[in-house]
Amino acid sequence: MTITPLMPVYPRCGVRPVRGEGVYLYGEDGTQYLDFAAGIAVNALGHGHPALTKAIADQAATLMHVSNLYGSPQGEALAQRLVDLTFADTVFFTNSGAEAVECAIKTARRYHHANGNPERHTLITFKNAFHGRTLGAISATDQAKMRDGFEPLLPGFAYAQFNDLEGALALIDANTAGFLVEPIQGEGGLATATPEFLQGLRKACDEHGLLLVLDEVQAGYGRTGKFFAHEHYGIVPDVMAVAKGIGGGFPLGACLATEEAAKGMVIGTHGSTYGGNPLAMAAGQAVLDVIQGEGFLDHVTTMGDRLRASLEQMIPNHDHLFQEVRGKGLMLGLKLKTDSRRFVAFLRDEHQLLTVSAGDNVVRVLPPLVIDESHVAEFTQKLSDAARVYVPASDD
Ligand SMILES: *Cc1c(COP(=O)(O)O)cnc(C)c1O
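Residues numbered from 1 in each chain as written. Predicted model: local features only at pLDDT ≥ 70, side-chain atom pairs only at ≥ 80, totals over all residues. Heavy atoms only, no water.

J.: What's the story with the sheet that holds strand S4 (residues 90-94) in this structure? I'm lost.
T.: Two strands in a sheet stick together by hydrogen bonds in their backbones, pointing the same way (parallel) or opposite ways (antiparallel). Across the sheet, which stays open at both edges, the seven strands sit in the order S4-S10-S9-S8-S7-S5-S6 with mixed pairing between neighbours. Where the open sheet ends on each side, the last strands, each with one partner, are S4 and strand S6 (157-160). Going across the sheet, the axis of each strand differs from the next one's by a mean of 20°, ignoring polarity. Both strand S8 (residues 211-215) and strand S9 (residues 239-242) contribute to a ladder of three bridges, which runs parallel. (Pairing = 2+ DSSP bridges. Helix = DSSP H or I, 4+ residues; strand = E, 2+ residues; numbered from the N terminus. Axes fitted to C-alpha atoms, helices over the stretch in contact; angles between N-to-C directions.)

Encoded structure:
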């Protein structure tokens, strides 16, 4: 037998964390790492946040799970808060980002079905998008590395260039249901939507009776310094997928929608055994208390500005290696002139600094949202120490 007990679908590295504290992770051998990956934008409150761990422990001892066949005071309370804080009128809770995207796709299809237009089933999505790993979510991206060998995929998707408004509009036909788009592509390399692009998609939806479905699984929940990234653009979606930061490490996601967009999602059309159970809701409440706390989003903006400024300052000193900074708030990407995977491994193995590589040779910088200036300074020191001695592979 050569297959590992854990199905070998991840290229797992030598870091084997067993404990976390704030912005630091500790490996099996006691090595301390500065965690500017945050479980890929999940650990918004860092590791071991006292309010979050207490909420989970208390709720686990009180009531962990009941079926969605029963009334849910816990779910109603968190959904009401999200409705009060956003464009949405209604929320479906999931256990992951891909499930939130699935619910969003189903909601969009059912909307047109309920309107008597079942032929309007195609979502226009974008090249290099990442929406998760279910069959629906991989059908919604053009990325071959995620799709190959899993055909036949789900019909009903068309692919335009990200930030190419005209190209996207040109794909609209009698079968179009709407657009599914990330305001900032995470996995794809931190491409950031231009205002003209997102606002143009919104306008086209209004003109053609289409739905704007945003995937804010990575960019949402305070990551960019606004509660949701679309707030930077002065637009609202009709449907939105949320996850990652929403549970601060507890598996939780959500699909938010307006009453109009959710008109087809009636009794029996969708479900999830675990989705929104009392334990998940307790985690969600604790995270939201912190994110909505006085000054928290401003703190993210301030830290994001500091971090961006130090990255930008570093570029001229290392211009053989660094090209540009992308992203917003604490969802930043450092575009390299060389392979980003190898550099991310070097930062990790030689400088105990955790980042995430993304498409297009980008180093993703996604610290917990609770970092302070000392963490920015420590990050900057580690990154410049690394850049000074790093030798790119000769074939890069
Ligand atoms: C991570 C991510 C997903 C998938 O979330 P999972 O929890 O892994 O299913 C979907 N969309 C975006 C934009 C993501 O970053």
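And the narrative resumes.
J.: Even after reading the chapter, I still don't get the state of the cysteines, so can you show me in this structure?
T.: Where two cysteines share a covalent bond between their sulfur atoms, that bond is called a disulfide. Counting across every chain of the model gives zero disulfides. Free of any disulfide, Cys 103 has its nearest neighbouring cysteine sulfur in Cys 255, separated by 3.6 Å. For Cys 103, a relative accessible area of 2% puts it in the buried group. Assessed through its relative accessible area of 4%, Cys 255 is described here as buried. (Disulfide = S-S within 2.5 Å. Buried < 20%, exposed > 50% of the residue type's maximum accessible area, 1.4 Å probe, protein only.)

J.: Just to check I follow, could you spell out the pattern of salt bridges for this structure?
T.: Think of it this way: side chains of opposite charge can pair up when their charged atoms draw near. Tallying each qualifying case throughout the model produces 16 salt bridges. Residue Arg 202 is joined to Asp 238 by a salt bridge in which the shortest nitrogen-to-oxygen separation is 3.1 Å. One end of the pair, Arg 202, is in helix H8 (residues 195-208); the other, Asp 238, is in the loop between S8 and S9, and 36 residues separate them in sequence. Classification of Asp 238 as buried rests on a relative accessible area of 12%. Across the pair Arg 348 and Asp 349 runs a salt bridge, and its minimum N-O distance is 3.0 Å. The structure contains a network of salt bridges with shared partners spanning Glu 324, Arg 326, Lys 335 and Asp 360. (Salt bridge = Lys/Arg side-chain N within 4 Å of Asp/Glu carboxyl O.)

J.: Please explain the site of the ligand as it appears in this structure.
T.: If you check the shell around the ligand, you find Ser 96, Gly 97, Ala 98, Phe 130, His 131, Gly 132, Glu 182, Asp 215, Val 217, Gln 218 and Lys 244 and nothing else. The fraction of the free accessible surface of the ligand (380 Å²) that becomes covered by protein chains is 81%. Residues that form the shell around the ligand fall into these classes: three nonpolar, five polar and three charged. (Near = heavy atom within 4 Å. Areas by Shrake-Rupley, 256 points an atom, 1.4 Å probe, with all protein chains shown as cover. Nonpolar A, V, L, I, M, F, W, Y, C, P; charged D, E, K, R; others polar.)

J.: Sorry if this is basic, but what is going on with the sheet that holds strand S14 (residues 356-358) here?
T.: With respect to topology, four strands assemble into an open sheet ordered S11-S12-S15-S14, the strand pairing being antiparallel. Each edge of the open sheet is held by one strand with a lone partner, namely strand S11 (322-328) and S14. Neighbour-to-neighbour, the strand axes of this sheet turn through a mean angle of 30°, independent of strand direction. Alignment of S11 against strand S12 (residues 331-336), held across six bridges, turns out to be antiparallel.

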